[in-house]
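Topology and contacts: notes
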Amino acid sequence: MTSAPTIGVLALQGDVREHVRALSASGARAVAVRRQAELEAVDALVLPGGESTTMWKLAEAFELLEPLRMRVKSGMPTYGSCAGMIMLADRIEGGVEGQQTLGGIDMVVRRNAFGRQVDSFEASLDFAGRGRLRAVFIRAPWVESVGADVEVLGRAEPGDRIVAVRQGPLLATSFHPELTGDTRVHSYFVEMVREL
Ligand code: GLN
């Protein structure tokens, strides 16, 4: 892919604008996605932070849940941050009754995991061998366990928990890189999109 890839940000709920800004700063053409036709037009997608239960219910109401699952399954590069990470998990702990995800990454994600100890915090962590970055966690999940095909890209204190993972074209972080002005995570994703 030589020209700028078109990357959608699922715009049902959550911090959409911040992701659009970070993607644009990372060399992508970023667009908001609310409908199936918009979803079909993008090369890749970001699932923003917000509230995974709300995102799931709105995706159902907007008839996007199945189209999203299909595109993720067919290999569309997708990056989920915080609530977006929950959406990409094959299995979740601590969800509400009946809570559904899109799935795609062979992992168990614990919802509101750090939140039981402390609601929001910052940590410095190594991301994908690209040096240390400041990570912002807001009622964040952590990754409880991963399957053999999942690459761990970052861990954080407290507890040395897994907070960044990749499985093929799917990337997920517990934290919110869109809030810090550091575009290394978004640049990593844009590179993934260009390579795939
Ligand atoms: N706790 C939220 C959820 O369950 C995620 C929080 C976030 O995205 N900042 O979806």
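In this text, all values refer to a predicted model and were calculated from it rather than measured experimentally. (Residues numbered from 1 in each chain as written. Predicted model: local features only at pLDDT ≥ 70, side-chain atom pairs only at ≥ 80, totals over all residues. Heavy atoms only, no water.)

The omega torsion of the bond from Glu157 to Pro158 falls at 0°, within 30 degrees of zero and hence cis. With respect to the helices and strands, the residue Pro158 is situated in the loop between β10 (151–156) and β11 (161–167). In this structure, Asp160 is a non-glycine residue whose phi angle is positive, near 55°. Secondary-structure assignment places Asp160 in the loop between β10 and β11. (Helix = DSSP H or I, 4+ residues; strand = E, 2+ residues; numbered from the N terminus.)

Before going further, it helps to spend a moment on the UniProt feature "binding site: L-glutamine" (unreviewed entry) in the protein. Under the local residue numbering, the UniProt record ascribes the feature "binding site: L-glutamine" (unreviewed entry) to Gly50, Glu51, Ser52, Arg111, Ile138 and Arg139. Despite a sequence span of 90 residues, these residues sit close together in the fold, their greatest C-alpha distance being 12.8 Å. From the list above, the largest pocket is lined by Gly50, Glu51, Ser52, Arg111, Ile138 and Arg139. On the accessibility criterion, Glu51 (25% relative accessible area) is partly exposed. Not counting residues within four places of it along the chain, the set of residues in contact with Glu51 comprises Gln13, Ala83 and Arg111. At a separation of 2.8 Å, a polar atom in the side chain of Glu51 contacts the side chain of Thr53. Along the chain, the position of Ser52 falls in helix α3 (residues 52–61). Look at Ser52 and you get buried, because its relative accessible area is 1%. In this view, Ser52 contacts Ala83, Ile86, Met87, Gln99 and Arg111; residues no more than four positions away in its chain are not counted. (UniProt positions renumbered as here; feature names shortened; annotations may be inferred. 1 Å grid on protein atoms, 1.4 Å probe; cavity = no way out; pocket = protein on both sides within 12 Å on 5 of 7 lines; lining within 4 Å. Buried < 20%, exposed > 50% of the residue type's maximum accessible area, 1.4 Å probe, protein only. Contact = heavy atoms within 4.5 Å. Polar contact = N/O pair within 3.5 Å; in protein donor to acceptor, adjacent residues only side chain to side chain.)

This paragraph deals with the packing of helix α1 (residues 16–25) against helix α6 (residues 184–195). The axes of two packed helices give the description: the angle between them and the distance between them. Between α1 and α6, the shortest axis-to-axis distance is 9 Å and the interhelical angle comes to 65°. Considering the angle they form, α1 stands roughly perpendicular to α6. Here α1 runs over α6; the crossing is right-handed. Residues His19, Ala22 and Leu23 of α1 form the contact with α6, whose own contacting residues are His186, Phe189 and Val190. Partitioning the contact of α1 with α6 into residue classes produces 4 nonpolar, 2 polar and no charged. (Axes fitted to C-alpha atoms, helices over the stretch in contact; angles between N-to-C directions. Parallel < 35°, antiparallel > 145°, perpendicular 65-115°, else oblique. Left-handed = near helix turned anticlockwise from the far one by under 90°. Nonpolar A, V, L, I, M, F, W, Y, C, P; charged D, E, K, R; others polar.)

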